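Listed below are the residues making up each chain.
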Amino acid sequence: TTEEVNDDLVRVVVSVIERCEWSQISNADGISVFRTQLPAALSIGGRALGSAAKFYCVKATGMLDAPPAHVYKYFLDNERVHEFNEFCKQVRDVE
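Residues numbered from 1 in each chain as written. Predicted model: local features only at pLDDT ≥ 70, side-chain atom pairs only at ≥ 80, totals over all residues. Heavy atoms only, no water.

**Q** Report on a nonpolar patch on the surface, specifying residues and quantitative values.
**A** A grouping of Tyr-72, Phe-75 and Leu-76 is seen on the molecular surface, where their side chains present a nonpolar patch of about 410 Å² in accessible area. Relative to the elements of secondary structure, Phe-75 occurs in helix α2 (residues 68-76). (Patch = residues over 30% accessible without salt bridge, like charges linked within 9 Å, V, L, I, M, F, W, Y side chains within 5 Å. Areas by Shrake-Rupley, 256 points an atom, 1.4 Å probe, with all protein chains shown as cover. Salt bridge = Lys/Arg side-chain N within 4 Å of Asp/Glu carboxyl O. Helix = DSSP H or I, 4+ residues; strand = E, 2+ residues; numbered from the N terminus.)

**Q** Describe the sheet that holds strand β5 (residues 56-62), with residues and values.
**A** Backbone hydrogen bonds hold the strands of a sheet together, and the pairing may be parallel or antiparallel. Taken together, the three strands give an open sheet; going across it, the order is β1-β2-β5, and neighbouring strands pair in antiparallel fashion. A single partner strand is all that each edge strand has here, and the edge strands are β1 (23-28) and β5. Across the sheet, the axes of successive neighbouring strands diverge by a mean angle of 20°, strand direction being ignored. Two elements, strand β2 (residues 31-37) and β5, share seven bridges in a ladder whose sense is antiparallel. Bridge assignment links Ser-32 to a residue of β5, and that residue is Thr-61. (Pairing = 2+ DSSP bridges. Axes fitted to C-alpha atoms, helices over the stretch in contact; angles between N-to-C directions.)

**Q** If you had to explain the pattern of salt bridges to someone new, which residues and values would you point to?
**A** Evaluation of the coordinates by the stated rule reveals two salt bridges. Arg-11 is the partner of Asp-8 in a salt bridge, and the nearest nitrogen-oxygen pair spans 2.5 Å. With Asp-8 and Arg-11 both in helix α1 (residues 2-19), this residue pair falls three residues apart, about one helical turn. For the salt bridge of Glu-83 with Arg-80, the shortest nitrogen-to-oxygen distance reads 2.9 Å.

**Q** Pulling in residues and values, what's your account of the packing of aromatic side chains?
**A** In total, this model carries one aromatic pair according to the counting rule given. Pairing Tyr-74 with Phe-84 gives two aromatic rings, centres 5.1 Å apart and planes at 75°, and the pair type is edge-to-face. One end of the pair, Tyr-74, is in helix α2; the other, Phe-84, is in helix α3 (residues 81-84), with 10 residues separating them in the sequence. By relative accessible area, which is 31% here, Tyr-74 ends up partly exposed. Look at Phe-84 and you get exposed, because its relative accessible area is 56%. Across the ring face of Phe-34, the terminal group of Lys-59 is positioned such that the distance to the ring centre comes to 5.4 Å. (Phe/Tyr/Trp six-rings, centres within 6.5 Å; stacked < 30°, edge-to-face > 60°. Buried < 20%, exposed > 50% of the residue type's maximum accessible area, 1.4 Å probe, protein only. Lys NZ or Arg CZ within 6 Å of the ring centre and 35° of its normal.)

**Q** Summarise the environment of Ala-52; cite the residues concerned and give the values.
**A** One can find Ala-52 in the loop between β4 (47-48) and β5. Residue Ala-52 is classed as partly exposed on the basis of its relative accessible area, which comes to 37%. For the pair Ala-52 and Lys-73, spaced 21 residues apart in sequence, the C-alpha separation works out to 33 Å.

**Q** Break down the side chain of Ser-32 for me, citing the residues and quoting the values.
**A** Structurally, Ser-32 is set in strand β2. For Ser-32, the side chain forms a polar contact with the side chain of Asn-27, separated by 3.4 Å. Apart from the residues lying within four places of it in its own chain, the contact partners of Ser-32 are Gln-24, Ser-26, Asn-27, Lys-59, Ala-60 and Thr-61. (Polar contact = N/O pair within 3.5 Å; in protein donor to acceptor, adjacent residues only side chain to side chain. Contact = heavy atoms within 4.5 Å.)

Here's what the structure looks like:
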């Protein structure tokens, strides 16, 4: 089911964030960017990464000077994503 796949994806993402060795590649304007390589055998959504493991997994951290409730509104409004992410081609909710 979709819920089972989503649960698996969340589990994998949390595992990657907590267990992988991250190398910091940038730190500017209060934003730190890190990268790591994932193992080819890592299964995401029931499929091993395989050759896709050649790409780096990237994460960024920073502090926002805004109340959490205000920030959360942006996650609910897909129409505004292009104001903040010039590389986003499409956003759609999957239910």
